[in-house]
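Residues per chain are reported as follows:
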Amino acid sequence: MRLKRWLCTVFLVCAAGAQGLQAQPVGLPSMGAASSADLSPALEQTLGDAIMEQGRRFPSYINDADVSQYLLGLGRRLSQASSGADVTVFGVRDPSINAFALPGGYVGINSGLIVAADNESQLASVVAHEIAHVYQRHVARGMTQSTKSRNIALASIAGALLAALAGSGDLAMGVAAFGQAAAVDQQLGFSRQAEQEADRAGFEMLTKAGFDPAGMVQMFSKLENAARLNRGEGGGAYASTHPLSIQRMSDIENRARGMSAGRHQDSDAFWFVRSKLRVLQARDSGSARNAESVLRQEASQYEGVRRAAAWYGLAYLAWERKAYDEVAQALRQAGAQGVQSPPMASLEIDLAMARNQVEQARQIADRALARWPENQGVGLAAVEALLKNNETSAALKQLDNLIERWPEEPRFYQLQAQAFERLGQPVKARRAMADYYEKMGALAAAVVQLQQARGLSNDFYEQSELDVRIRELQDRVRTNRELLEQFR
């Protein structure tokens, strides 16, 4: 894929369509001029973690509880079917039909791909294909080819990350410049053999996880149609960067034909997340009107879950406009379909708080938590309702439960810091904010928070703990810098 697209996906997904840098894996990996060492799995993981720490800080990275939990769950279900290590699947706000793999087991899915899927098996087939690229280390092998373009790629990535570690305020502009300078006429892609390997491994993963094998055939057809109708446009992005040869399509069709028809039941979460992303990716009034038109058509055309999800999408669209009466009306229509879901409950809680109906929000949250205790979005909405109702201690208790279950979610630490500040516990508040900044990849800001906490503490043992934590973060920054310098 084009290097510019890959870089923009990681660091500046707000500026361009997300397309992963994936180079053709030929032979054994070698750092070439950048390094004499191969990109080992441990080194690949460290590099991937550093990339994602920065990628999470940009607006087009979808930091939404419903979307994140769904995609992580889908990735885990597929990876467990192949007996492989877990991967981290995340969403990117971009209407182009695309997905990409990054070093270290990260897989990005454009919102446009999810919206374009007609069923969950179609989406799962693309996720499985990308996970297969990860397991076969195609990304790592491709990044380390001894060619000029690949060395430019690694140098650009390293330069951008080093700027971030140094706290550069011009990181976004610098990354865009790096990407554009390095991407001129550089067309990098996986080999046919690598794509076919990922197809076959992904197909096996898909079927073992219980999805309909026909989903991959259907998605191939959809992607090919998009490529044919949108040559050079975003709609054909995935097909252009993962060329759909006749051989690849025939191979998967033959494999699917030899299997019994799948009976996979699409999850409710798929339809609700799909509707939400249709709204989230609408960045201007024209695309918002188009999203509304499609959702109204689905609300009139389908029954049950799909109709409820369409009405939820309309409610979320009204929420974005702060048209609270329309939100309430659309939510009533969604509930009239006999379907209840965590996203609906979360939006009901948010609506009640926006109308200053705090006690009602608290009651809705209690019912939702009792029904969906494992749902991150419901837990988050419930905590915010507790804080608005000045039930700070109860909010902290709920946050402890959420952090124990999802320790990598930054928003929980941010809310924890707010709660500690309210209770007059500034040291704990700053420690929580340090955790938030660390999860967001802003290590320098995390160190500042810990230093402030140390200055506010009069407890020797607490100061010693903070000193240890400060040194750990500083060591991480130093280690990352040394790692990245070898790629320059």
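All figures in this text were calculated on a predicted structure; none of them were measured in a lab.

1. Section: unusual backbone geometry
Part 1 of the reasoning: Of note in the backbone geometry, Lys-322 takes a positive phi value of approximately 65° without being a glycine.
Part 2 of the reasoning: For Lys-322, the location among the structural elements is in the loop between α15 (304-320) and α16 (324-335).
Part 3 of the reasoning: In this structure Lys-322 comes out as exposed when scored by relative accessible area, which is 60%.

2. A closer look at the nonpolar core
Part 1 of the reasoning: Within the largest apolar cluster, 70 residues are counted, with the highest numbers of intra-cluster contacts made by Leu-74, Leu-78, Ile-109, Leu-113, Leu-123, Val-127 and Leu-277.
Part 2 of the reasoning: Top element by residues in this core is α15. It accounts for 10 residues.
Part 3 of the reasoning: In this view, Leu-74 contacts Leu-123, Ala-124, Val-127 and Phe-211; residues no more than four positions away in its chain are not counted.

3. A short note on the sheet that holds strand β2 (residues 99-102)
Part 1 of the reasoning: Taken in spatial order, the three strands of this open sheet run β1-β3-β2, and their pairing is mixed. Sheet topology places β1 (88-92) and β2 at the edges, where each strand pairs with a single neighbour. Within the sheet, the average angular offset between the axes of one strand and its neighbour, ignoring direction, is 25°.
Part 2 of the reasoning: Of the pairings in the sheet, the one linking β1 to strand β3 (residues 106-110) comprises five bridges and is parallel in character. Across the sheet, Val-89 pairs through a bridge with Val-107, a residue of β3.

4. Concerning the side chain of Thr-392
Part 1 of the reasoning: With respect to the secondary-structure elements, Thr-392 resides in helix α20 (residues 392-405).
Part 2 of the reasoning: With sequence-adjacent residues up to four places away left out, Thr-392 is seen in contact with Leu-387, Ala-419, Arg-422 and Leu-423.

5. Let's talk about the environment of Val-327
Part 1 of the reasoning: Of note, Val-327 is situated in helix α16.
Part 2 of the reasoning: A relative accessible area of 0% places Val-327 in the buried class.
Part 3 of the reasoning: Sequence-wise, Val-327 and Leu-317 are 10 residues apart; in three dimensions their C-alpha atoms are separated by 8.1 Å.
Part 4 of the reasoning: Dropping the residues within four chain positions of it, Val-327 is found in contact with Ala-315, Ala-318, Trp-319, Leu-347 and Leu-351.

6. Comments concerning α20
Part 1 of the reasoning: Here α20 is 14 residues long and its end C-alpha atoms lie 20 Å apart, about the 20 Å a rise of 1.5 Å per residue gives.
Part 2 of the reasoning: Buried within α20 are the following residues: Thr-392, Ala-395, Leu-396, Gln-398, Leu-399, Leu-402 and Ile-403. Considered in projection along α20, the buried side chains sweep an arc of 165° and stay on one side of the axis. In α20, those exposed residues whose orientation departs by more than 90 degrees from the buried face are Ser-393, Lys-397 and Glu-404.
Part 3 of the reasoning: Structurally, α20 contributes buried residues whose contacts are with α18 (358-371), α19 (376-388) and α21 (410-422).

7. Examining the environment of Glu-130
Part 1 of the reasoning: With respect to the helices, strands and loops of the structure, Glu-130 is situated in helix α5 (residues 120-135).
Part 2 of the reasoning: A relative accessible area of 0% places Glu-130 in the buried class.
Part 3 of the reasoning: The spatial distance from the C-alpha of Glu-130 to the C-alpha of Leu-102 is 9.4 Å, given a sequence separation of 28 residues.

8. Structural notes on the packing of aromatic side chains
Part 1 of the reasoning: Evaluation of the coordinates by the stated rule reveals nine aromatic pairs.
Part 2 of the reasoning: Between Trp-319 and Tyr-324 the ring centres are 5.6 Å apart and the planes differ by 45°, which places this aromatic pair in the tilted class.
Part 3 of the reasoning: Judged by relative accessible area, Trp-319 falls into the partly exposed class, the value being 21%.
Part 4 of the reasoning: According to the relative accessible area criterion, Tyr-324 is partly exposed, its value standing at 24%.
Part 5 of the reasoning: Pairing Phe-460 with Tyr-461 gives two aromatic rings, centres 5.5 Å apart and planes at 75°, and the pair type is edge-to-face. The residues Phe-460 and Tyr-461 share a single accessibility class, namely exposed.
Part 6 of the reasoning: Put simply, the rings of Tyr-61, Phe-90 and Phe-100 pair up and form one aromatic cluster.
Part 7 of the reasoning: The aromatic ring of Phe-211 is capped on one face by Arg-77, whose charged end is 4.2 Å from the ring centroid.
Part 8 of the reasoning: Above the ring of Tyr-302, the side-chain terminus of Arg-306 is found at 3.7 Å from the ring centroid.

9. Examining the confidence of the model for the protein
Atom-level detail of predicted coordinates should not be read off regions where pLDDT is low.
Part 1 of the reasoning: Within the protein, residue pLDDT values average 81, and 76% of them lie at 70 or more.
Part 2 of the reasoning: Confidence drops under a pLDDT of 50 for residues 1-37, and excluding neighbours within four residues, the segment shows 138 contacts in the predicted structure.
Part 3 of the reasoning: Predicted confidence is poor over residues 169-188, with pLDDT under 50, and the contacts of this stretch with residues over four places away or in other chains come to 34 contacts.

10. Notes on the side chain of Glu-120
Part 1 of the reasoning: Assignment of secondary structure puts Glu-120 in helix α5.
Part 2 of the reasoning: Beyond its immediate stretch of four places on either side in the chain, Glu-120 contacts Tyr-70, Phe-211, His-264, Gln-265, Asp-266, Ser-267 and Phe-270.

11. Quick notes on the packing of helix α3 (residues 65-81) against helix α9 (residues 192-208)
Between two packed helices, both the angle of their axes relative to each other and the distance between the axes serve to describe the pair.
Part 1 of the reasoning: Remark: α3 packs on α9, axes separated minimally by 8 Å, with the N-to-C direction vectors making an angle of 105°. When the interaxial angle is binned, α3 and α9 end up roughly perpendicular. For the pair α3 and α9, contact is made by Leu-78, Ser-79 and Ala-81 and by Met-205, Leu-206 and Lys-208, respectively.
Part 2 of the reasoning: Across the contact of α3 with α9, the residue classes break down as four nonpolar, one polar and one charged.

12. Re the packing of helix α22 (residues 426-440) against helix α24 (residues 460-485)
Part 1 of the reasoning: For the pair α22 and α24, the least separation of the axes is 13 Å and the interaxial angle reads 15°. Comparing their axes, α24 and α22 come out roughly parallel. In terms of crossing hand, the pair formed by α22 and α24 is left-handed. Between α22 and α24, the residues in contact are Val-427, Arg-431 and Glu-438 and Glu-462, Glu-465, Leu-466, Arg-469, Leu-473 and Arg-476, respectively.
Part 2 of the reasoning: The class makeup of the residues in the contact of α22 with α24 is three nonpolar, no polar and six charged.

Conventions used here
- Residues numbered from 1 in each chain as written.
- Predicted model: local features only at pLDDT ≥ 70, side-chain atom pairs only at ≥ 80, totals over all residues.
- Heavy atoms only, no water.
- Helix = DSSP H or I, 4+ residues; strand = E, 2+ residues; numbered from the N terminus.
- Buried < 20%, exposed > 50% of the residue type's maximum accessible area, 1.4 Å probe, protein only.
- Core = buried A, V, L, I, M, F, W, Y, C linked by side-chain atoms within 4.5 Å.
- Contact = heavy atoms within 4.5 Å.
- Pairing = 2+ DSSP bridges.
- Axes fitted to C-alpha atoms, helices over the stretch in contact; angles between N-to-C directions.
- Expected span 1.5 Å × (residues − 1).
- Arc of directions from axis to C-beta.
- Phe/Tyr/Trp six-rings, centres within 6.5 Å; stacked < 30°, edge-to-face > 60°.
- Lys NZ or Arg CZ within 6 Å of the ring centre and 35° of its normal.
- pLDDT = per-residue confidence, 0-100.
- Parallel < 35°, antiparallel > 145°, perpendicular 65-115°, else oblique.
- Nonpolar A, V, L, I, M, F, W, Y, C, P; charged D, E, K, R; others polar.
- Left-handed = near helix turned anticlockwise from the far one by under 90°.

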